[in-house]
Amino acid sequence: MDSLAMRDHCRPIAGDYPDGIYRVVGTGEDTVTLFRVGDAEGRRVNTGEIVTVRDREFEAFEPAENPDGN
C-alpha cells in the first residue's frame, strides 16, 4: 500500500467485493476508501458506491486502467 496514491484505480481479484473498477478517494493509517467508477468490462458507471478496505485486505485488489477513456 506504500505506492498507493489518490486517484489510482484498481479492481478486485478476490474477496466479496462487487466486480468493477474503483478509484482511490481516501487513504488512512490502515484503510483505503474506494469509489466504484467502472463496471466489470471497464466501462464508466455512476454507482455512488463507496467501499472502505482495511490495509490487510487490499491484497484482494490489483491495479486497473482509468475507465474515463471509455
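Look a little higher up for the structure.
These numbers were taken from a predicted model, which means no experiment stands behind them.

Visitor: In this structure, what is going on with the nonpolar core? I would like to understand it.
Guide: Generally speaking, nonpolar side chains in soluble globular proteins are found buried as a group. Of all hydrophobic cores here, the largest spans twelve residues; its members are L4, C10, Y17, Y22, V24, V32, L34, V51, V53, F58, A60 and F61. Residue assignment for this core shows that the elements contributing at least two residues are β2 (21-27), β3 (31-38) and β4 (50-54). Residue contacts for F61: discarding those within four places in its chain leaves C10, R11, P12, I13, Y17, Y22, L34 and V53.

Visitor: Is there a simple way to explain the environment of E65 in this structure?
Guide: Residue position: E65 is located in the segment after β5 (61-63). According to the relative accessible area criterion, E65 is exposed, its value standing at 67%. Placed 44 residues apart in sequence, E65 and I21 show a C-alpha to C-alpha distance of 8.0 Å. In contact with E65, not counting residues within four places along its chain, are H9 and I21.

Visitor: Mind showing me how you'd approach a nonpolar patch on the surface here?
Guide: On the surface, M6, V25 and I50 cluster together to form a nonpolar patch covering roughly 270 Å² of accessible area. With respect to the helices, strands and loops of the structure, I50 is situated in strand β4.

Visitor: Would you take a moment to explain the sheet that holds β2 for this structure?
Guide: Note: strands within a sheet are paired through backbone hydrogen bonds, in either parallel or antiparallel orientation. The strand order across the open sheet formed by five strands is β4-β3-β2-β1-β5, and the pairing between neighbours is antiparallel. Among the strands making up the open sheet, the edge pair consists of β4 and β5. On average, each strand axis in the sheet is inclined to that of its neighbour by 40°, with strand direction left out of account. In this structure, β2 lies alongside β3, joined through six bridges in antiparallel fashion. Counterpart to R23 in the pairing with β3 is F35.

Visitor: Where do I start with the pattern of salt bridges in this structure?
Guide: Side chains bearing opposite charge may pair, as long as their charged atoms lie close to each other. Under the criterion given, the structure shown has seven salt bridges. Here E49 ties to R36 by a salt bridge, and the two come within 2.9 Å at their closest N and O atoms. Of this pair, E49 sits in the loop between β3 and β4 while R36 sits in strand β3, and the two are 13 residues apart along the sequence. Residue E49 is classed as partly exposed on the basis of its relative accessible area of 22%. Note that D39 and R43 form a salt bridge whose closest N and O atoms lie 3.5 Å from each other. On the accessibility criterion, D39 (16% relative accessible area) is buried. By relative accessible area, which is 45% here, R43 ends up partly exposed. One salt-bridge network, in which partners are shared between bridges, spans R23, R44 and D68.

Procedures and definitions
All residue numbers refer to position in the chain's written sequence, counted from 1. Under the rules for a predicted model, residues below a pLDDT of 70 receive no local features and side-chain atom pairs below 80 are neither given nor counted, while totals for whole chains, interfaces and linings still include all residues. Hydrogens and water molecules were not included; the side-chain quantities draw on all heavy atoms of the structure. Definition of nonpolar core: a set of buried residues of the types Ala, Val, Leu, Ile, Met, Phe, Trp, Tyr and Cys, connected through side-chain atoms within 4.5 Å. Residue burial is assigned from relative accessible area. The probe radius is 1.4 Å, only protein chains are included, and a residue is buried under 20% of its type maximum, exposed over 50%, and partly exposed in between. Under the DSSP-based scheme used, a helix requires at least four consecutive residues in state H or I and a strand at least two consecutive residues in state E, with every element numbered from the N terminus. In this analysis, two residues are considered to be in contact whenever any of their non-hydrogen atoms come within 4.5 Å of each other. Surface patches are drawn from residues lacking salt bridges whose relative accessible area is over 30%; two like charges belong together within 9 Å, two nonpolar side chains (Val, Leu, Ile, Met, Phe, Trp, Tyr) within 5 Å. For accessible areas, the Shrake-Rupley method is used with a probe of radius 1.4 Å. Any residue's cover is judged against the shown protein chains and nothing else. For this document, the term salt bridge refers to a Lys or Arg side-chain nitrogen within 4 Å of an Asp or Glu carboxyl oxygen. Note: two strands are recorded as paired if DSSP finds a minimum of 2 bridges between them. For helices, the fitted line uses only the C-alpha atoms of the stretch in contact; every axis is such a line through C-alpha atoms, and the angle between N-to-C directions lies from 0 to 180 degrees.

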